[in-house]
Number of protein chains: 2
Amino acid sequence: MSRPTRLSGVLSPVITPFDEQLAPDAKRLARQCHWLLSQDTGLAVFGTNSEANSLSTDEKIELLDSLVADGVDPYRMMPGTGCCALTDTVKLTRHAVELGCAGVLMLPPFYYKEVSDDGLFRSYAEVIERIGSDALQIYLYHIPPISNVSLSLDLVERLITAYPDNLAGIKDSSGDWTNTESMLERGWDGFQVFAGSESFLLRVMRAGGAGCISATANVNPAAINDLYCNWQADNAGEKQQALDELRSIVQSFPMIPALKAIVADYSGDSAWSRVRPPLVELDNKQVASLTQQLRAAGFAMPGLDVSTS
Amino acid sequence: MSRPTRLSGVLSPVITPFDEQLAPDAKRLARQCHWLLSQDTGLAVFGTNSEANSLSTDEKIELLDSLVADGVDPYRMMPGTGCCALTDTVKLTRHAVELGCAGVLMLPPFYYKEVSDDGLFRSYAEVIERIGSDALQIYLYHIPPISNVSLSLDLVERLITAYPDNLAGIKDSSGDWTNTESMLERGWDGFQVFAGSESFLLRVMRAGGAGCISATANVNPAAINDLYCNWQADNAGEKQQALDELRSIVQSFPMIPALKAIVADYSGDSAWSRVRPPLVELDNKQVASLTQQLRAAGFAMPGLDVSTS
């Protein structure tokens, strides 16, 4: 069997809408996914910015089923499936593979700290062995600022060596360009290195990377994708600068509530602003400041679905 | 309705045995719980040292049911029920309350970092409101070295003020005596402050605390309980010192695999040594060093069940 095509380009950790009871709202999520696809942006549902770790495994499985039933192409999806519990990770990952998802983005178990590379290797190996399918395409999720569990270069290489057919790539959200660059320099065959945000997009493309998986792709997908497609053009540096300027506005607020406030504002659908605890929504003053800055910057979300239910 | 009696004394975050497939072994766990109860030690099952965050919610629910079916008194139990996902925490906590557990030990949601007190308050409030029963007795679990999410004194006070019938106490595993002392000085009525290990047992009792919930109570329960019962005796300082000496041997190894290795060694039941990833078992050299030191110190585990299946 030939190896499945691996993902590249721009993906969004799709924000998760909640209803009044704080239950996930599958219909709104599907609409948002269709919009993102229309902007040539892939779907890293259940990422950090999706509040995925505020959802139960069963909630995530139901959402995945709903998305596919709603016509979202699983081959554009890279759901986050790494949980604290081995059994949750196996259950959710297996479901994603069975649905035909192109890949999964897999956090290491993140409760226990200062665990060894041997223990982390064993975590991933158990999942791979239990699922036992080359259709399983794992993108490692390295995000030490939040998970507080780091995936060392040596661990990544050991996993690739042991399971070359399953280790498809990595999202590097360390914020440390040297780490991303080091991975690219190792030249792992067919291993897709994604930057953790569009801040590193031009650099990662120039160094041979695969693209980026970025929070702000929830609201600014077309412009990010434009740089991805045209990174070799003369004006790529200007495009990077424009992305950076937009991002600097958004990230001066708490990221997840800010993304939701933007979608709520530009769609006219206030339900989008809800977050699950332990997060809190932006307050009115923050929303006013954020939207004023975005409008002053000429920011738009063309084609965004503005239906409210 | 009068308020339920709140827990005090010594509790053990009971280590969780696994079978060859790394599935939880309910029968071995029940045997260990009965032994701990015979040593006057309560059951904080599903604590950090239980590898609880390597178990799914459904696995924890099944284990709780098995323990109660096996005759373990739920009124001696304080299961850990705080998960990342609100819905998991509600499901597991509700189950524990329905089974009649005396209390639950509740981590805050621990994936998202730098969350606000407002967000953490809302997390606990949602759980309390959804369960809606005074039978719910929450012991907060403050363990910033591992959860990386801190429960401030002001947050604790705000929760007690809002939900005095549900906020039963706290386990302070900050390792910061000043924090424990500050909570006791606030004099919250009926709020049980437990030290996070026996290292602080004498100090917490002298300052008006409720006892301790300690990893090493898995292996040294009788001696820890002896100090709890006799903290006002003249020789309490010597007892504390003896506990400290034993603990210093154990904690010079990775704690959870060390506890399991000790139970495996003293019961003759090697199955006890298994851990779930991301943890790894002690290697043979570590086991030899640990058991040699314990025997040299005259350590024993009287009454431990030595049946092996």
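Residues numbered from 1 in each chain as written. Chains lettered and ligands numbered in written order. Predicted model: local features only at pLDDT ≥ 70, side-chain atom pairs only at ≥ 80, totals over all residues. Heavy atoms only, no water.

**Observations concerning the pairing of strand β6 (residues 192–195) of chain B**
Residue and element names in this part refer to chain B.
So, point 1. Neither face of β6 is open: one carries Gln192 and Phe194, the other Val193 and Ala195, and all of them are buried.
So, point 2. In this sheet, β6 lies alongside strand β5 (residues 167–172) in parallel orientation, the contact comprising four bridges. From the neighbouring strand, Gly169 faces β6, where its bridge partner is Gln192.
So, point 3. Between the parallel pair β6 and strand β7 (residues 211–213), the chain is carried across by helix α8 (residues 201–206), and the sense of this crossover is right-handed. (Buried < 20%, exposed > 50% of the residue type's maximum accessible area, 1.4 Å probe, protein only. Helix = DSSP H or I, 4+ residues; strand = E, 2+ residues; numbered from the N terminus. Pairing = 2+ DSSP bridges. Right-handed = clockwise from strand over helix to strand, strands pointing away.)

**Focus: the pattern of salt bridges**
Two side chains that carry opposite charge are able to pair once their charged atoms sit near each other.
All names here are of chain B.
So, point 1. Applying the stated criterion across every chain, the model contains 26 salt bridges over all chains.
So, point 2. Between Asp269 and Arg28 there is a salt bridge, with the nearest N and O atoms lying 2.6 Å from each other. Here the residue Asp269 occupies a position in the loop between α11 (255–267) and α12 (284–296), and Arg28 occupies one in helix α1 (residues 26–38), the gap between them amounting to 241 residues.
So, point 3. Classification of Asp269 by relative accessible area gives buried; the value is 3%.
So, point 4. The partner of Glu126 in a salt bridge is Arg130, and the shortest N-O contact between them spans 2.8 Å. Here the residue Glu126 and the residue Arg130 both occupy positions in helix α4 (residues 117–131), the gap between them amounting to four residues, near one helical turn.
So, point 5. Judged by its relative accessible area of 30%, Arg130 falls in the partly exposed class. (Salt bridge = Lys/Arg side-chain N within 4 Å of Asp/Glu carboxyl O.)

**Digging into the relation of the copies chain A and chain B**
So, point 1. You can overlay chain A on chain B at an RMSD of 0.0 Å; the transform is a turn of 180° with a shift of 0.0 Å along its axis. Both chain copies can therefore be described as sitting about a two-fold axis. (Least-squares fit on C-alpha atoms with pLDDT ≥ 70 in both.)

**Here we look at the environment of B:Ser147**
So, point 1. By the element assignment, B:Ser147 lies in helix α5 (residues 144–147).
So, point 2. Distance from B:Ser147 to B:Arg203, taken between C-alpha atoms, is 24 Å for residues 56 residues apart in sequence.
So, point 3. Ignoring anything within four residues of it in the chain, the contact list for B:Ser147 reads A:Tyr111, B:Leu107, B:Phe110 and B:Lys113.
So, point 4. Of note is the side chain of B:Ser147, whose polar atom sits 3.0 Å from the backbone oxygen of B:Val149. (Contact = heavy atoms within 4.5 Å. Polar contact = N/O pair within 3.5 Å; in protein donor to acceptor, adjacent residues only side chain to side chain.)

**Side note on empty space enclosed by the protein**
So, point 1. Inspection of the entire model under this criterion finds eight cavities of 30 Å³ or more.
So, point 2. Of the voids in this model, the largest cavity is the one considered here, and its volume is about 220 Å³.
So, point 3. At the level of secondary structure, the elements contributing two or more residues to the lining of the largest cavity comprise α2 (57–69) of chain A together with α2 (57–69) of chain B.
So, point 4. Residue composition of the lining of the largest cavity, grouped by class: twelve nonpolar, five polar and four charged. (1 Å grid on protein atoms, 1.4 Å probe; cavity = no way out; pocket = protein on both sides within 12 Å on 5 of 7 lines; lining within 4 Å. Points joined across faces, edges and corners; volume = space filled by probe spheres on them. Nonpolar A, V, L, I, M, F, W, Y, C, P; charged D, E, K, R; others polar.)

**Looking at the side chain of B:Ser123**
So, point 1. Structurally, B:Ser123 is set in helix α4.
So, point 2. In this structure B:Ser123 touches A:Pro277, A:Pro278, B:Leu86 and B:Pro109, once residues within four positions along its chain are discounted.

**Some words on unusual backbone geometry**
So, point 1. For the bond running from A:Pro277 to A:Pro278, omega is 15°, close enough to zero to count as cis.
So, point 2. Along the polypeptide, A:Pro278 turns up in the loop between α11 (255–267) and α12 (284–296).
So, point 3. Positive phi is not limited to glycine here, since A:Asp40 has a value of about 60°.
So, point 4. Within the secondary structure layout, A:Asp40 lies in the loop between α1 (26–38) and β2 (42–43).
So, point 5. For A:Asp40, a relative accessible area of 49% corresponds to the partly exposed category.
So, point 6. Residue B:Glu114 is not a glycine yet carries a positive backbone phi of 55°.
So, point 7. Residue position: B:Glu114 is located in the loop between β3 (104–106) and α4.
So, point 8. Among the residues examined, B:Glu114 registers a relative accessible area of 83% and is labelled exposed.

**Brief notes about the sheet that holds β7(B)**
All names here are of chain B.
So, point 1. Across the sheet, seven strands lie side by side as β2-β1-β7-β6-β5-β4-β3; this open sheet has parallel pairing. Looking at strand neighbours, the two that pair on one side only are β2 (42–43) and β3, the edges of this open sheet.
So, point 2. Alignment of strand β1 (residues 9–12) against β7, held across three bridges, turns out to be parallel. Across the sheet, Val10 pairs through a bridge with Cys212, a residue of β7.

**Some words on the sheet that holds strand β6 (residues 192–195) of chain A**
Across a sheet, strands are paired by hydrogen bonds formed along the backbone, either parallel or antiparallel in direction.
Residue and element names in this part refer to chain A.
So, point 1. Here seven strands make up an open sheet; going across it, the order is β2-β1-β7-β6-β5-β4-β3 and the pairing parallel. Strands with a single pairing partner mark the edges of an open sheet, and in this sheet they are β2 and β3 (104–106).
So, point 2. When β6 meets strand β7 (residues 211–213), the two strands line up parallel, connected through two bridges. Directly across from Phe194, in β7, lies its bridge partner Gly211.
So, point 3. Sheet contacts for helix α9 (residues 221–229): β1 (9–12) and β7; angle to β1, the most-contacted strand, approximately 155°. (Axes fitted to C-alpha atoms, helices over the stretch in contact; angles between N-to-C directions.)

**So, the environment of A:Gly196**
Residues and elements named next belong to chain A.
So, point 1. Tracing the sequence through the fold places Gly196 in the loop between β6 and α8 (201–206).
So, point 2. For Gly196, a relative accessible area of 15% puts it in the buried group.
So, point 3. Each C-alpha atom of the pair Gly196 and Arg130 lies 28 Å from the other, and the pair is 66 residues apart in sequence.
So, point 4. Excluding residues within four positions of it along the chain, Gly196 makes contact with Lys171, Asp172, Ser173, Ile213 and Ser214.

**Quick word on the confidence of the model for chain A**
So, point 1. Of all residues in chain A, 98% attain a pLDDT of 70 or more, and the chain-wide mean is 96.
So, point 2. Confidence metrics for the complex model read pTM 0.97 and ipTM 0.96. (pLDDT = per-residue confidence, 0-100.)

**Overview of the nonpolar core**
So, point 1. Of all hydrophobic cores here, the largest spans 219 residues; its most connected members are A:Leu140 and B:Leu140.
So, point 2. When neighbours within four sequence positions are excluded, A:Leu140 is seen to be in contact with A:Leu105, A:Met106, A:Tyr124, A:Leu151, A:Val156, A:Leu159, A:Leu167, A:Gly169, A:Ile170, A:Lys171 and A:Phe191. (Core = buried A, V, L, I, M, F, W, Y, C linked by side-chain atoms within 4.5 Å.)

**What to know about the packing of α1(B) against α2(B)**
Residue and element names in this part refer to chain B.
So, point 1. Orientation of α1 relative to α2, taken along the N-to-C sense of each, is 55°, at an axis distance of 9 Å. By the angle class used here, α1 and α2 are oblique. Crossing angle aside, the handedness with which α1 passes α2 is right-handed. Contact residues: α1 offers Ala26, Leu29, Ala30 and Cys33, while α2 offers Leu63, Ser66 and Leu67.
So, point 2. A class-by-class count of the residues in the contact of α1 with α2 yields six nonpolar, one polar and no charged. (Parallel < 35°, antiparallel > 145°, perpendicular 65-115°, else oblique. Left-handed = near helix turned anticlockwise from the far one by under 90°.)

**So, the interface of chain A and chain B**
So, point 1. Each partner contributes residues to the interface: chain A has 47 residues there, and chain B has 47 residues.
So, point 2. Here chain A is connected to chain B by two salt bridges.
So, point 3. Measuring nitrogen to oxygen at the nearest pair gives 3.8 Å for the salt bridge that ties B:Arg122 to A:Glu281.
So, point 4. On inspection of chain A and its partner chain B, the count reaches 20 residue pairs in polar contact (both at pLDDT 80 or more).
So, point 5. Broken down by secondary-structure element, the contributors of at least two residues to the side of chain A that touches chain B are α2, α3 (86–99), α4 (117–131) and α5 (144–147) of chain A.
So, point 6. Broken down by element, the residue count for the side of chain A that touches chain B peaks at seven residues, all from α4(A).
So, point 7. The residue inventory of the side of chain A that touches chain B, partitioned by class, reads 23 nonpolar, twelve polar and twelve charged.

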